[in-house]
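Each chain, letter by letter, is given below.
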Amino acid sequence: FAQEGSRTETFRLLNLFGDVFERVRAEYVEPVSDRDLIENAISGMLSGLDPHSAYLNQRSFRDMQVQTRGEFGGLGIEVTQEDGWVKVISPIDDTPAARAGVRAGDLITHLNGESVRGLTLQEAVDRMRGERGTQIRLTIRREGAERPIELTITRDVIRPQVVRFRLEGGDVGYIRISSFNEQTERALRQAMQSLRSQAGGNLRGLVLDLRNNPGGLLDQAIQVADDFLERGEIVSTRTRRPDDSQRWNARPGDISQGLPIVVLINDGSASASEIVAGALQDHRRAVVLGTRSFGKGSVQTVIPLQGNGAIRLTTALYYTPSGRSIQATGIEPDIEVLAARPE
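Remember, it's a predicted structure, so these values are computed and weren't measured experimentally.

Novice: How would you summarise the overall build of the protein chain if you had to cite specific residues and measurements?
Specialist: On a plain count of helices and strands, the protein chain comes out with eight helices and 19 strands. Seen through its C-alpha atoms, the protein chain measures out along the principal axes to roughly 75 × 65 × 40 Å. Every one of the 343 residues in the protein chain was classed for burial, and the buried ones make up 40%. Considering only contacts in the protein chain between residues 6 or more positions apart, those separated by 24 or more positions represent 65%.

Following this line, the structure appears as structure tokens:
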């Protein structure tokens, strides 16, 4: 009977929604499309739950898929906007833009002869991306050049560099991971090999820099932590239904062969970064250094909606191997070090 009562209440509330919808359609000062009203209502329903649940329309859903795949058809430039023009922050090494001679500081004024003024940065980026093998003509204003430079560039598959590395002092490897997408763990293994050969087999330690890394894919975080752990739990998730909770354990094999590790975190390290830092800290595999991390310890599941984008819904919470929840508390560093302010 109680269930019957709750169903009646649900129908009453859905009627309330229908009444408001009809009233807005009929009487709002300007005509509004049904799709906009419904999408806004769905957005409100999800964003009211927590900061990470959201409605993704078809465009946002596509963008998210591109981000997690970690590759897209394009030119290979990081850009920003300046005075209405598109400004090149830097061309990514070994991409069509770099090979064509695009330089940091260039201002892109026209795409295929059409001015970029009046476009948002996202719209301009969308126009520069496209299928591998297709061409686009850029008009560039460059400081010191007397007239605009015209470049025709053929798009290719671009994989933004999520892992950068260098050798410090001849025997310490520094590896920076900027996000966790489908390319991350493979790139980490390659970085490790390169550092080993650069150091001539004499690596003494590793610095893993996860500062300002907003996270990404759970499976990649698990693989990265597993790369440095021989055994034991990496992370567990707890959901509304106890039966759906999961835990992941490390498999034998440490790609650094037991080297001492320092993990750098700050208040911009979130989600997948916190899983890696928390697992290495709980197993005493690494010293965590920096400031307390962001505290995003929840799992979002992306649920596609047939022909209408998707919803991103919080479905679980992360726990580190020692049973700490990351949500809202973050990872406390073993050694607190504030960022040095450049004088």
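Novice: Can you lay out the pairing of strand S3 (residues 77–82) for me, pointing to particular residues and giving the numbers?
Specialist: Looking at chain direction, S3 and strand S4 (residues 85–91) are connected through six bridges and run antiparallel. Its bridge partner being in S4, Val-79 is matched across the sheet by Val-88. Counted along the chain from S3 to the antiparallel partner S4, the turn is two residues long, and its residue Asp-83 has a positive phi close to 50°.

Novice: Lay out helix H7 (residues 218–228) in plain terms, naming residues and giving numbers.
Specialist: Within H7, nine of the 11 residues are buried, which leaves it mostly tucked inside the rest of the structure. By the burial criterion, the buried members of H7 are Leu-218, Gln-220, Ala-221, Ile-222, Val-224, Ala-225, Asp-226, Asp-227 and Phe-228.

Novice: Could you give an account of the pattern of salt bridges, with specific residues and numbers?
Specialist: Applying the stated criterion across every chain, the model contains 27 salt bridges. Note that Arg-59 is salt-bridged to Asp-63, the shortest N-O span being 3.6 Å. Of this pair, Arg-59 and Asp-63 both sit in helix H3 (residues 58–69), four residues apart, roughly one helical turn. Judged by relative accessible area, Arg-59 falls into the partly exposed class, the value being 33%. Between Asp-282 and Arg-324 there is a salt bridge whose closest N-O contact spans 2.8 Å. In this pair, Asp-282 is assigned in helix H8 (residues 272–282) and Arg-324 in the loop between strand S18 (310–319) and strand S19 (335–336), connecting sequence segments 42 residues apart. In this structure Arg-324 comes out as partly exposed when scored by relative accessible area, which is 29%.

Novice: Any chance you could break down the nonpolar core for me, citing the residues and the numbers?
Specialist: Counting residues in hydrophobic clusters, the biggest one holds 43 residues, and the most contacted among them are Ile-175, Ile-177, Leu-208, Phe-228 and Val-263. What Phe-228 contacts, discounting residues up to four positions off in sequence, is Leu-188, Leu-206, Leu-208, Asp-254, Ile-255, Ser-256, Ile-261, Leu-280 and Arg-285. The next biggest cluster of nonpolar side chains, apart from the first, holds 21 residues, and it includes Ile-77, Leu-119, Met-128 and Ile-153.

Novice: Lay out the sheet that holds S19 in plain terms, naming residues and giving numbers.
Specialist: Taken in spatial order, the six strands make up an open sheet running S10-S11-S12-S15-S16-S19, and their pairing is mixed. What marks the edges here is a single partner per strand, and that holds for strand S10 (163–168) and S19. The strands touched by helix H6 (residues 184–198) within the sheet are S10, strand S11 (172–177) and strand S12 (205–209), with S10 carrying the most contacts at an inclination of about 20°.

Novice: Got a sec to walk through the environment of Gly-130? Specific residues and values, please.
Specialist: Structurally, Gly-130 is set in the loop between helix H5 (121–128) and strand S7 (135–141). Given the relative accessible area of 25%, Gly-130 is considered partly exposed. Separated by 55 residues in the primary sequence, Gly-130 and Leu-75 place their C-alpha atoms 8.8 Å from one another.

Novice: Lay out the packing of aromatic side chains in plain terms, naming residues and giving numbers.
Specialist: Under the definition given, this model contains one aromatic pair. Residues Phe-17 and Phe-21 carry aromatic rings whose centres are separated by 6.5 Å and whose planes lie at 10° to one another, so their mutual orientation is stacked. Of this pair, Phe-17 and Phe-21 both sit in helix H1 (residues 2–27), four residues apart, which is roughly one turn of the helix. Relative accessible area serves as the criterion here: at 16%, Phe-21 is assigned to the buried category.

Novice: Tell me about unusual backbone geometry, and please be specific about residues and values.
Specialist: Unusually for a residue other than glycine, Asn-112 sits at a positive phi of about 50°. Here Asn-112 lies in the loop between strand S5 (107–111) and strand S6 (114–115). Under the relative-accessibility criterion, Asn-112 is labelled partly exposed at 43%. The backbone phi angle of Asn-212 is positive, close to 55°, even though this residue is not glycine. Summarising the element assignment, Asn-212 is placed in the loop between S12 and H7.

Novice: Just give me the short version of the environment of Leu-56, but keep the residues and values in it.
Specialist: Relative to the assigned elements, Leu-56 resides in strand S1 (residues 54–56). Expressed as a C-alpha distance, the spacing of Leu-56 and Arg-155, which sit 99 residues apart in the sequence, is 27 Å.

Novice: So, a nonpolar patch on the surface: which residues are in play, and what are the values?
Specialist: Taken together, Leu-13, Leu-16 and Val-20 make up a surface patch of nonpolar side chains, about 270 Å² in accessible area. Considering the arrangement of structural elements, one finds Val-20 in helix H1.

Novice: Please set out the environment of Ile-265 residue by residue, giving values where relevant.
Specialist: Structurally, the position occupied by Ile-265 is in strand S15 (residues 261–265). Placed 72 residues apart in sequence, Ile-265 and Val-337 show a C-alpha to C-alpha distance of 9.6 Å. Excluding anything up to four places from it in sequence, Ile-265 contacts Arg-211, Ala-277, Val-288, Leu-289, Gly-290, Thr-291, Ser-293, Ile-331 and Pro-333.

Novice: How would you explain the side chain of Ser-298 if you had to name every residue and give the values?
Specialist: Within the secondary structure layout, Ser-298 lies in strand S17 (residues 298–304). Overall, Ser-298 belongs to the buried group, its relative accessible area being 3%. Ignoring any residue separated from it by four or fewer positions in sequence, one finds Ser-298 in contact with His-52, Thr-314, Ala-316, Leu-317, Tyr-318 and Gln-327.

Analysis parameters
Residues numbered from 1 in each chain as written. Predicted model: local features only at pLDDT ≥ 70, side-chain atom pairs only at ≥ 80, totals over all residues. Heavy atoms only, no water. Helix = DSSP H or I, 4+ residues; strand = E, 2+ residues; numbered from the N terminus. Buried < 20%, exposed > 50% of the residue type's maximum accessible area, 1.4 Å probe, protein only. Contact = heavy atoms within 4.5 Å. Pairing = 2+ DSSP bridges. Salt bridge = Lys/Arg side-chain N within 4 Å of Asp/Glu carboxyl O. Core = buried A, V, L, I, M, F, W, Y, C linked by side-chain atoms within 4.5 Å. Axes fitted to C-alpha atoms, helices over the stretch in contact; angles between N-to-C directions. Phe/Tyr/Trp six-rings, centres within 6.5 Å; stacked < 30°, edge-to-face > 60°. Patch = residues over 30% accessible without salt bridge, like charges linked within 9 Å, V, L, I, M, F, W, Y side chains within 5 Å. Areas by Shrake-Rupley, 256 points an atom, 1.4 Å probe, with all protein chains shown as cover.

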